[in-house]
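Structural characterization, general
What follows is each chain in one-letter form.
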Amino acid sequence: MDLSSWFEFTVYDAVFLVVVLGFFFYWLTRSEQPLPSPPKELAPLTMTDMTVEELRKYDGVKNEHILFGLNGTIYDVTRGKGFYGPGKAYGTLAGHDATRALGTMDQNAVSAEWDDHAGLTADEQETANEWETQFKFKYLTVGRLVKNSSEKADYGNRKAFVRGAESLDSIINDGGEEGSKKDN
Ligand code: HEM
């Protein structure tokens, strides 16, 4: 066997080598696909109390903001739209009082009407409270869910904010002072 024929380098080999090296060079230097732009942040809502009817439009469709009530407080959960957006796992809670659903761990336990939370067991109420402990540190507090418009408080121009351990009552008694001062 003539080994020298193994090392013959024809013009076809040269073309093949150029093509392979070309692909290799392209693969090494190719730029990464641009990352999708992050979801746009919506401006926080001005704090306000709402009735059940008013809350309903904040379902992520009629209004881009997604709000729900929990233990009488309204949270802006828009940043959790992967959970609460249209068609998502807990999308039924959007624009509703979520207390009963979260207390009973049944995402369909929501009502279009005012819910006085009657019939919730102590354990279920405790479960709802545990959710609230998380949410007041995670989501913006918008105001209170009220039965009648006449119960609405005045928050001045204060914007919805993550209130953490601060009680909503102390903010109401403050008359939205902090927000008004910031805006001046
Ligand atoms: C098969 C049953 C369920 C499974 C496997 C499940 C699983 C999960 C997982 C993996 C998360 C994300 C946790 C994280 O990323 O921090 C989550 C969050 C959550 N789940 Fe479920 N879940 C179930 C049922 C339910 C039910 C029945 C409810 C009642 C409405 C519920 C309400 C929630 C809520 C409110 C959150 C937190 C969303 C947030 O942080 O805003 N889940 N669940």
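Note that this is a predicted model, so its numbers are computed, not measured. (Residues numbered from 1 in each chain as written. Predicted model: local features only at pLDDT ≥ 70, side-chain atom pairs only at ≥ 80, totals over all residues. Heavy atoms only, no water.)

Counting secondary structure elements, the protein contains seven helices and three strands. For the protein, the succession of helices and strands along the chain, N to C, is α-α-β-β-α-α-α-β-α-α. Sequence-distant contacts, at least 24 apart, represent 58% of the contacts inside the protein between residues at least 6 apart. Entry remark: accessible area of the protein is about 11900 Å², with carbon and sulfur atoms responsible for 57%. (Helix = DSSP H or I, 4+ residues; strand = E, 2+ residues; numbered from the N terminus. Contact = heavy atoms within 4.5 Å. Areas by Shrake-Rupley, 256 points an atom, 1.4 Å probe, with all protein chains shown as cover.)

Turning to the pairing of strand β2 (residues 73–76), a few remarks are in order. Side chains of β2 alternate between two faces, with Thr-73 and Tyr-75 and Ile-74 and Asp-76 buried alike. Note that strand β1 (residues 67–70) and β2 share four bridges and pair antiparallel. Residue pairing across strands places Gly-69 opposite Ile-74, the latter belonging to β2. Adjacent in sequence and paired antiparallel, β1 and β2 are bridged by two residues, among which Asn-71 carries a positive phi angle near 50 degrees. (Buried < 20%, exposed > 50% of the residue type's maximum accessible area, 1.4 Å probe, protein only. Pairing = 2+ DSSP bridges.)

Here the focus is the coordination of the iron atom of the ligand. Coordination of the iron atom of the ligand by the protein comes from a single atom, Tyr-90 (OH), at 1.9 Å. The topology assignment puts Tyr-90 in the loop between α3 (81–84) and α4 (99–104). (Donors = N, O, S within 2.8 Å, 3.2 Å for Na, K, Ca; no water.)

Taking strand neighbours across the sheet as the criterion, the three strands line up as β1-β2-β3 in an open arrangement whose pairing is antiparallel. Each edge of the open sheet is held by one strand with a lone partner, namely β1 and β3 (140–144). On average, each strand axis in the sheet is inclined to that of its neighbour by 35 degrees, with strand direction left out of account. Strand contacts of helix α5 (residues 122–138): β1, β2 and β3, with the helix running at about 135 degrees to β1, the strand carrying the most contacts. (Axes fitted to C-alpha atoms, helices over the stretch in contact; angles between N-to-C directions.)

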